[in-house]
Amino acid sequence: MRARLITVLLALAVAVRHGAAIKCYQCSYSGPLGLQGCEDEFDLTDNRYVIEENCQQCSKMKTVLNDEQILVQRLCLPVSLADNGCDEETSNSNSVHTCYCNKDLCNSAPRRTAGALLLISVGYAAMYLLH
């Protein structure tokens, strides 16, 4: 009986956490490349963004037109629209990079984990080859 109660409580905790609201950055920028606003490396001390609560998913969309104009939007989504991760579409000199995530304030800056993993992998490979 006690084991069943613990199982039910754990299942409820997972279900509540899965549906729990998160916080997301919300801002937008439209203009020439290189100007600061809501771009990739946006300044967290700047007040050009708001932190929205009660989101189900955060997103960031970056559109570049003719390699000159950029549109960046960071959004709080009331429902989950896609699996977590990023996707990029490119056509001629236009591109759209879209990311979705579901952790607090996860739509801040571009993730650099792939570069870090590559660096660690190269380091291990070099150590292996040298010994």
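Residues numbered from 1 in each chain as written. Predicted model: local features only at pLDDT ≥ 70, side-chain atom pairs only at ≥ 80, totals over all residues. Heavy atoms only, no water.

Peer 1: Can you help me understand unusual backbone geometry in this one?
Peer 2: Not every positive phi belongs to a glycine, and D67 is a case in point at roughly 55°. Examined against the element boundaries, D67 turns out to sit in the loop between β3 (57–65) and β4 (69–77). The phi dihedral of L105 falls on the positive side, at around 55°, and the residue is not glycine. With respect to the element layout, L105 can be found in the loop between β6 (94–101) and α2 (113–130). (Helix = DSSP H or I, 4+ residues; strand = E, 2+ residues; numbered from the N terminus.)

Peer 1: How should the state of the cysteines be read in this particular structure?
Peer 2: Between two cysteines, a covalent bond joining their sulfur atoms is known as a disulfide. This structure, assessed with the given rule, holds five disulfides. The side chain of C27 participates in a disulfide bridge whose partner is C38; the two sulfur atoms lie 1.9 Å from each other. Its S-S torsion of about 60° marks the bond between C27 and C38 as right-handed, since a negative value means left-handed. Linking C27 in strand β1 (residues 22–32) with C38 in the loop between β1 and β2 (50–55), this pair joins segments that are 11 residues apart in sequence. In terms of burial, C27 and C38 fall into one category: buried. Disulfide pairing is shown between C55 and C76; the S-S distance is 1.9 Å. On the S-S bond that ties C55 to C76, the torsion sits near -115°, and the link is left-handed. Taken together, the residues span a long stretch of sequence, with C55 in strand β2 and C76 in strand β4 at a distance of 21 residues. Cysteine pairing for the chain, with bonded cysteines counted in sequence order: 1-5, 2-3, 4-6, 7-8, 9-10. (Disulfide = S-S within 2.5 Å. Buried < 20%, exposed > 50% of the residue type's maximum accessible area, 1.4 Å probe, protein only.)

Peer 1: Could you clarify how one ought to interpret the side chain of Q57 in this entry?
Peer 2: Among the structural elements, Q57 can be located in strand β3. Overall, the relative accessible area of 1% leaves Q57 in the buried class. A polar side-chain atom of Q57 sits 2.7 Å from the main-chain amide nitrogen of L81. Looking at Q57, its side chain comes within polar contact range of the main-chain oxygen of A82, at 2.6 Å. (Polar contact = N/O pair within 3.5 Å; in protein donor to acceptor, adjacent residues only side chain to side chain.)

Peer 1: Before we go on, may I ask you to explain the confidence of the model for the chain in this structure?
Peer 2: When pLDDT is averaged across the chain, the result is 76; 66% of the residues are at 70 or more. Taken as a whole, residues 5–17 scores under 50 in pLDDT and shows zero contacts with residues more than four places along the chain or in a different chain. Ignoring residues within four places in sequence, the model shows residues 111–126, a span with pLDDT below 50, making three contacts including any to other chains. (pLDDT = per-residue confidence, 0-100. Contact = heavy atoms within 4.5 Å.)

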